Amino acid sequence: MTDSHRGAARTEAIMRTTLELGQEIGYAKLTIEAIAARAGAGKHTIYRRWPSKGALLLDSLLSLHKSSLAYPDTGDIVADLRTQIHAAVDLLGNPPFGPLYQALVGEAQYDPQVAAALNERFIAPQADLTVARLEAARDQGQLSPAFDLSLAMAILSGPLYFQFLITQEPLTHEYVDRVLDALFSGMGKAP
């Protein structure tokens, strides 16, 4: 096995261990030392690659969820948003992604590096996909030319994050459908 293959296998083992331990004991109790011990790696090896447990968790979650939550384009913007957001809710509603993502967002409140990386590598790309899909729908005449794409993005994501992070109520497909109905009846879908 070449050094690069060994390095890739070690990285994968460390990230898999991070997710397993995080799911078993929770993010608050998760330590680099425990991850290193279980993964059979030195903690200095981990710290050379990841400056904090939040950075390691982010990479681990992103490795678990490699594909973006891309939008279909069926010609029906509401149906396409519903399909994509239902997939996101299903991802967030199940371990290990959901609880660990919730912990990571909490960690981002205290660690500016984690906050910047989370935004740059996950939140902003997903928001850009949403705005691009809304823009395509507007260009196709499915939405009014005056439809405010940035505000629509905020209205779509705000209630979901509020429920997921603040009230910690389960995110359901029915809740997503209510948010979509409120957005499009309030902002005016083109006739």
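One numbering rule holds for all chains: residues counted from 1, following each sequence as written. Residues qualify for local features only when their pLDDT is at least 70, as the model is predicted, and side-chain atom pairs are given and counted only at 80 or more; totals for whole chains, interfaces and linings, by contrast, use all residues. In computing side-chain values, all of the structure's heavy atoms are included and hydrogens and water are not.

Colleague: Requested: an account of the overall build of the chain, with residues and values cited.
Modeller: Here a helix means four or more residues in a row that DSSP labels H or I, a strand means two or more in a row labelled E, and each is numbered from the N terminus. Tallying secondary structure elements over the chain gives nine helices and zero strands in all. For the chain, the N- to C-terminal ordering of α and β elements is α-α-α-α-α-α-α-α-α. For this analysis, residues touch if any pair of their heavy atoms sits within 4.5 Å. Nonlocal contacts in the chain, meaning residues at least 24 apart in sequence, comprise 63% of its contacts between residues at least 6 apart. Method for areas: the Shrake-Rupley scheme with a 1.4 Å probe, in which residue coverage is limited to the protein chains shown. Working note: accessible area of the chain is about 10,100 Å², and carbon and sulfur atoms make up 56% of it. Separation of charge centres in the chain, based on 16 positive and 21 negative side chains, amounts to 10 Å. In summary, the charge assignment counts Lys and Arg as positive and Asp and Glu as negative, without counting His or the chain termini. To locate a charge, the coordinates of NZ of Lys, CZ of Arg, CG of Asp or CD of Glu are taken.

Colleague: So, the packing of aromatic side chains: which residues are in play, and what are the values?
Modeller: Ring geometry is summarised as follows: Phe, Tyr and Trp rings, the Trp one being its six-membered ring, pair when their centres sit within 6.5 Å, and such pairs are stacked at plane angles under 30 degrees, edge-to-face over 60 and tilted between the two. Scanning the entire structure with this criterion turns up five aromatic pairs. Taken together, a centroid distance of 5.4 Å and an interplanar angle of 65 degrees make the contact between Tyr-101 and Phe-122 edge-to-face. Of this pair, Tyr-101 sits in helix H6 (residues 97-108) while Phe-122 sits in helix H7 (residues 112-139), and the two are 21 residues apart along the sequence. By relative accessible area, which is 10% here, Phe-122 ends up buried. The residue whose ring lies beneath Lys-53 is Tyr-27, and the NZ or CZ to ring-centre distance is 4.2 Å. In this scheme, a residue with accessible area under 20% of its type's maximum is buried, one over 50% is exposed, and one in between is partly exposed, where area comes from a 1.4 Å probe on protein chains only. By the criterion adopted, a ring carries a charge over it if an Arg CZ or a Lys NZ lies within 6 Å of its centre and within 35 degrees of its normal.

Colleague: I'd love a proper account of the side chain of Gln-142, names of residues and values included.
Modeller: Mapping Gln-142 onto the fold places it in the loop between H7 and helix H8 (149-167). A polar contact is formed between the side chain of Gln-142 and the backbone nitrogen of Ile-77, at a distance of 2.7 Å. By the criterion applied in these results, polar contacts are pairs of N or O atoms within 3.5 Å in which, for protein atoms, one can donate a hydrogen and the other can accept it, and in which residues neighboring in sequence qualify only through two side-chain atoms.

Colleague: Just give me the short version of the pattern of salt bridges, but keep the residues and values in it.
Modeller: Salt bridge, as applied in this entry: a Lys or Arg side-chain nitrogen positioned within 4 Å of an Asp or Glu carboxyl oxygen. One pass over the full model with this rule turns up nine salt bridges. Of the charged contacts in the structure, one is a salt bridge between Glu-24 and Arg-38, with a shortest N-O distance of 2.8 Å. You can see Glu-24 sitting in helix H1 (residues 3-25) and its partner Arg-38 sitting in helix H2 (residues 32-39), a full 14 residues away along the chain. Glu-24 sits in the exposed class, given a relative accessible area of 52%. Relative accessible area serves as the criterion here: at 41%, Arg-38 is assigned to the partly exposed category. A salt bridge links Asp-181 to Arg-82; the shortest N-O distance between them is 3.9 Å.

Colleague: Lay out H6 in plain terms, naming residues and giving numbers.
Modeller: The end-to-end C-alpha separation of H6 is 16 Å, in line with the 16 Å expected for 12 residues at 1.5 Å each. The complete set of buried residues in H6 reads Phe-97, Gly-98, Leu-100, Tyr-101, Leu-104, Val-105 and Ala-108. The buried residues of H6 all sit within an arc of 165 degrees when viewed along its axis, so they share a single face. Here a helix's expected span is defined as the number of its residues, less one, multiplied by 1.5 Å. It is the directions from the helix axis to the C-beta atoms whose arc is reported.

Colleague: Can you tell me about unusual backbone geometry, naming the residues and giving the values?
Modeller: With an omega of 0 degrees, the peptide bond between Pro-95 and Pro-96 qualifies as cis. Positionally, Pro-96 belongs in the loop between helix H5 (77-92) and H6. Of note in this structure, Gln-168 is not a glycine but carries a positive phi near 55 degrees. Note on placement: Gln-168 falls in the loop between H8 and helix H9 (173-187).

Colleague: Would you mind going over the nonpolar core in detail, with residue names and values included?
Modeller: Nonpolar cores were defined as sets of buried Ala, Val, Leu, Ile, Met, Phe, Trp, Tyr and Cys residues, with membership established by side-chain atoms within 4.5 Å. One finds Leu-81, Tyr-101, Leu-134 and Phe-184 to be the most contacted residues of the largest nonpolar core, which totals 50 residues. Not counting residues within four places of it along the chain, the set of residues in contact with Leu-81 comprises Tyr-71, Thr-130, Leu-134, Leu-156, Leu-180 and Phe-184.

Fair warning: the whole summary comes from geometry, so function is off the table for now.
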